[in-house]
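# Analysis of the macromolecular model
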Amino acid sequence: MKVMLESIRRLVERLSPAPICEPCIGRRLDLPIDDALHAALGELAVERGFDRESGSCSLCEEHGRVIVRQDRRHAA
Ligand SMILES: [Zn+2]
């Protein structure tokens, strides 16, 4: 779980500010799209400054739920 969280965090940060969808996270990290992945994404969104929102994935261009790093520190 911890390793998975870190892997996801690094992937999303590398892509930032581009959003990525859950299936692409699974494909990139070779993870199943299951409850554990959903839980990890939820934890990232709540605790680590990531947003889950509706949008277009920057990799597959599918519209759906994506995750993206918040960048509020640099917004001003
Ligand atoms: Zn995608």
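The shown structure was predicted, so the numbers you read here are calculated from the model rather than taken from an experiment.

Conventions adopted
Residues numbered from 1 in each chain as written. Predicted model: local features only at pLDDT ≥ 70, side-chain atom pairs only at ≥ 80, totals over all residues. Helix = DSSP H or I, 4+ residues; strand = E, 2+ residues; numbered from the N terminus. Contact = placed C-beta atoms within 7 Å. Core = buried A, V, L, I, M, F, W, Y, C linked by C-beta atoms within 7 Å. Buried ≥ 20, exposed ≤ 12 C-beta atoms within 10 Å, placed from the backbone.

A separate point is the environment of G55. Tracing the backbone through its elements, the reader meets G55 in strand β2 (residues 50-56). C-alpha of G55 to C-alpha of C24: the two residues are 31 residues apart in sequence and 14 Å apart in space. Sequence-distant contacts of G55, that is, excluding residues within four places in its chain, are made with P19 and V66.

What follows is about the nonpolar core. Ranked by size, the top nonpolar core spans twelve residues in total: I8, V12, I20, C21, I25, A40, L41, F50, C57, V66, I67 and V68. Of all the elements in the fold, those that place two or more residues in this core are α1 (2-15), β1 (20-21), α3 (35-47) and β3 (63-69). The dominant element in this core, judged by the number of residues it contributes, is β3, at three residues. The contacts of V68, once residues within four sequence positions are left out, are V12, S16, P17, P19, F50, D51 and E53.

Relative to the helices and strands, S56 resides in strand β2. S56 sits in the partly exposed class, given 14 other C-beta atoms within 10 Å. For S56, the contacting residues outside a window of four places in its chain are E61 and H63.

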